[in-house]
Amino acid sequence: IVSAPEFAPCVVQTVATSFLGRPLAPEDDAWKTQLVKTFVDGGYRMRTLVKAIVTSPRYRLGNDRR
């Protein structure tokens, strides 16, 4: 399953959507591509993906309630 080309983008889409609390939009495409690379390069580890999401400016700006 992991070797399927749609696996990593699907995981990234699902996890990022969950963390952002909204669907990914076209302006998120470059960020999604970077997250996919990070996820694959990190050996498909969820911890690596989650860290990349929560430390990104996009996540911080989207969840800054102040």
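Residues numbered from 1 in each chain as written. Predicted model: local features only at pLDDT ≥ 70, side-chain atom pairs only at ≥ 80, totals over all residues. Heavy atoms only, no water.

1. Topic: the overall build of the protein chain
- For the protein chain, the count of helices and strands is 4 helices and 0 strands.
- Ordered by position in the sequence, the α and β elements of the protein chain form the string α-α-α-α.
- What you see for the protein chain is a C-alpha radius of gyration of 12 Å, in line with the 11 Å of a compact globule of 66 residues.
- Projected onto the principal axes, the alpha-carbon positions of the protein chain cover approximately 40 × 20 × 15 Å.
- Sequence-distant contacts in the protein chain: of pairs separated by 6 or more residues, those separated by 24 or more amount to 53%.
- Surface exposure of the protein chain reaches about 4600 Å², of which carbon and sulfur atoms provide 58%.
- In the protein chain, 10 positive and 6 negative side-chain charges are present, and the distance between their average locations comes to 10 Å. (Helix = DSSP H or I, 4+ residues; strand = E, 2+ residues; numbered from the N terminus. Rg over C-alpha atoms; globule rule 2.2 N^0.38 Å. Contact = heavy atoms within 4.5 Å. Areas by Shrake-Rupley, 256 points an atom, 1.4 Å probe, with all protein chains shown as cover. Lys, Arg positive; Asp, Glu negative; His and termini not counted. Charge placed at Lys NZ, Arg CZ, Asp CG, Glu CD.)

2. Quick notes on the pattern of salt bridges
- Scanning the entire structure with this criterion turns up 3 salt bridges.
- For the salt bridge of Lys 37 with Asp 41, the shortest nitrogen-to-oxygen distance reads 2.5 Å. Taken as a pair, Lys 37 and Asp 41 lie in helix 2 (residues 29-41) at a separation of 4 residues, close to a single helical turn.
- Classification of Lys 37 by relative accessible area gives partly exposed; the value is 46%.
- Of the residues examined, Asp 41 reaches a relative accessible area of 55% and is grouped as exposed.
- Three or more residues are tied together by salt bridges with common partners; here these are Arg 22, Asp 28 and Arg 58. (Salt bridge = Lys/Arg side-chain N within 4 Å of Asp/Glu carboxyl O. Buried < 20%, exposed > 50% of the residue type's maximum accessible area, 1.4 Å probe, protein only.)

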